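These are the residues of each chain, in order.
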Amino acid sequence: QVQLVESGGGSVQAGGSLRLSCAASAYGYGYSAHCMAWFRQALGKEREGVATIYTNDASTAYDDSVKGRFTISQDIANDTVYLQMNDLKPEDTAMYYCAAGRTYCGESYWPHRADFDFWGQGTQVTVSS
């Protein structure tokens, strides 16, 4: 039914940029993914939310660690969600995952992992000094 396919990861130097893409078949198959999000998990760390977008109004929310540097956006026509990452830092190194859920998400509610029904396979981002 629903599949999330991520791409765009890679290795860059500190200060560089990457754009991650998440092709979400949920839109094509009628799934009401009210919230799309990007999570990341570094080695030895727990998976943490990075950015969310509420698909109804495209409102966004960000973890403090990436505010001002990352931008989440959606292209409904192409069933795709993006994460533009600028001014990358070594501490951004992690496996990045795309997730889709029916929950509300925004400044008033930062969703938990359990709020999401579908996850992508992950794409690795490595930032060197």
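In this report, the structure presented in the accompanying data block is examined. (Residues numbered from 1 in each chain as written. Predicted model: local features only at pLDDT ≥ 70, side-chain atom pairs only at ≥ 80, totals over all residues. Heavy atoms only, no water.)

**Structural notes on the overall build of the protein chain**
Within the protein chain, the secondary structure is distributed over zero helices and 11 strands. From first element to last, N terminus to C terminus, the protein chain shows the α and β order β-β-β-β-β-β-β-β-β-β-β. In terms of C-alpha radius of gyration, the protein chain reaches 14 Å, essentially the compact-globule figure of 14 Å for 129 residues. With respect to the three principal axes, the spread of C-alpha positions in the protein chain is 45 × 30 × 25 Å. Restricting the contact set of the protein chain to residue pairs at least 6 apart, pairs at least 24 apart contribute 60%. (Helix = DSSP H or I, 4+ residues; strand = E, 2+ residues; numbered from the N terminus. Rg over C-alpha atoms; globule rule 2.2 N^0.38 Å. Contact = heavy atoms within 4.5 Å.)

**Some words on the sheet that holds strand β8 (residues 80–85)**
Where strands meet in a sheet, backbone hydrogen bonds hold them as pairs that are either parallel or antiparallel. Spatially, four strands are ordered β1-β3-β8-β7 in an open sheet, and the strand pairing comes out antiparallel. The sheet is open, and its two borders are formed by β1 (4–7) and β7 (70–75), each paired with just one other strand. With direction set aside, neighbouring strand axes in the sheet form an average angle of 15°. In the sheet, strand β3 (residues 18–24) pairs with β8 via six bridges, with the strands oriented antiparallel. Bridging from a neighbouring strand, Cys22 pairs with Val81 of β8. (Pairing = 2+ DSSP bridges. Axes fitted to C-alpha atoms, helices over the stretch in contact; angles between N-to-C directions.)

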